[in-house]
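An overview of the molecular structure
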Amino acid sequence: MNISVIGLGKLGLCTAACFAARGHRVIGLDKNKYIVDKLQAKQCPIDENDLKQLLDKAWQNLTTTTDIENAVFNSEITLIIVPTPSGPDGRFSNKYIEDVLHAIAPVLKKKNEFHVVDVVSTVMPGSCDKCFKPLLENISGKVCGRDFGLVYNPEFVALGSVIKDFLDPDMVLIGTSDEHSSALVRGLYVTTCNNSPHIVIMSLINAEITKLSLNCFVTMKI
């Protein structure tokens, strides 16, 4: 499968490397020139367990760019893995995700093929339906669920074991705007994970609520 990953931080680069090492063709994009330059030189720019070894298997399927139009045009699914920092009230900010969507939407307008926009970053409930979906539809002039898909697909990983947690997950959570999008994302994980994880498919807002609920549960256990 052809995918693009926007945001090559600790989570994004590990995600891109996992997919590429399993044979998917991955285009990684980041505005940090240092990271892009390092990756183009086939060097690992981030310290994370097992990442360097995984990249050694992934290089042939992993390319990097700073051109978002190239990334979206040449992929079927775009994963957005950018920071969503907490504000003074504890709510997650969507600013960086919205910046990415503003750049993706004009490309969707030009693209004839169905494309899935997959938000991985943690967001507040209602973000996809009330913010991301209208933004993409208004700028692209297309209809979500018919012309393009929107998925909320958060990951449950911890720094230091990101790759292990990603490749052997207890669960894959997919919130989706339509069945075609969920099938594409489901197929992506089925062909990447080492195990056979429980895959849960639900509405966008229910997935947003589930992600926060599980985060709270884990924090309470700690």
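As shown above, the structure is provided for reference.
Reference entry: report on the structure contained in this document. The structure presented is a predicted model; accordingly, all values stated were derived computationally and were not measured. (Residues numbered from 1 in each chain as written. Predicted model: local features only at pLDDT ≥ 70, side-chain atom pairs only at ≥ 80, totals over all residues. Heavy atoms only, no water.)

On the surface, Leu214, Phe217, Val218, Met220 and Ile222 cluster together into a nonpolar patch covering about 550 Å² of accessible area. In this structure, Phe217 sits in helix H9 (residues 204-221). (Patch = residues over 30% accessible without salt bridge, like charges linked within 9 Å, V, L, I, M, F, W, Y side chains within 5 Å. Areas by Shrake-Rupley, 256 points an atom, 1.4 Å probe, with all protein chains shown as cover. Salt bridge = Lys/Arg side-chain N within 4 Å of Asp/Glu carboxyl O. Helix = DSSP H or I, 4+ residues; strand = E, 2+ residues; numbered from the N terminus.)

So, about the pairing of strand S5 (residues 115-119). Burial analysis of S5 places 5 of its 5 residues in the buried class, which makes it a mostly covered element. Side-chain alternation along S5 places His115, Val117 and Val119 on one buried face and Val116 and Asp118 on a second face that is also buried. Of the pairings in the sheet, the one linking strand S4 (residues 77-80) to S5 comprises 4 bridges and is parallel in character. Across the sheet, residue Ile80 finds its bridge partner in S5, namely Val119. In terms of handedness, the path from S4 via helix H5 (residues 95-110) over to S5 forms a crossover that is right-handed. With 5 bridges connecting them, S5 and strand S6 (residues 148-152) associate as parallel partners. Counterpart to Val116 in the pairing with S6 is Gly149. In terms of handedness, the path from S5 via helix H6 (residues 127-140) over to S6 forms a crossover that is right-handed. (Buried < 20%, exposed > 50% of the residue type's maximum accessible area, 1.4 Å probe, protein only. Pairing = 2+ DSSP bridges. Right-handed = clockwise from strand over helix to strand, strands pointing away.)

Moving on: the layout of surface pockets. In this structure, the largest pocket spans a volume of roughly 1,200 Å³. Lining of the largest pocket is provided by 41 residues; of these, Leu11, Ile81, Val82, Val120 and Ser121 occupy positions nearest its centre. Sorting the residues of the lining of the largest pocket by element identifies helix H1 (10-21), H5, helix H7 (162-167) and H9 as the ones contributing at least two each. Looking at which element gives the most residues to the lining of the largest pocket, the answer is H9, with 5 residues. (1 Å grid on protein atoms, 1.4 Å probe; cavity = no way out; pocket = protein on both sides within 12 Å on 5 of 7 lines; lining within 4 Å. Points joined across faces, edges and corners; volume = space filled by probe spheres on them.)

The subject of this paragraph is the sheet that holds S4. Taken together, the 8 strands give an open sheet; going across it, the order is S3-S2-S1-S4-S5-S6-S7-S8, and neighbouring strands pair in mixed fashion. The sheet is open, and its two borders are formed by strand S3 (62-65) and strand S8 (198-202), each paired with just one other strand. Sheet twist, expressed as the mean angle between neighbouring strand axes with direction ignored, is 25 degrees. Strand contacts of H5: strand S1 (2-6), S4, S5 and S6, with the helix running at about 180 degrees to S5, the strand carrying the most contacts. (Axes fitted to C-alpha atoms, helices over the stretch in contact; angles between N-to-C directions. Contact = heavy atoms within 4.5 Å.)

Take Asn70: it is sitting in helix H4 (residues 68-73). Overall, the relative accessible area of 31% leaves Asn70 in the partly exposed class. C-alpha of Asn70 to C-alpha of Ile27: the two residues are 43 residues apart in sequence and 8.8 Å apart in space. When near neighbours in sequence (up to four residues on either side) are disregarded, Asn70 contacts Ile27 and Thr65.

Keep in mind that these numbers describe shape and distance, not what the molecule does.
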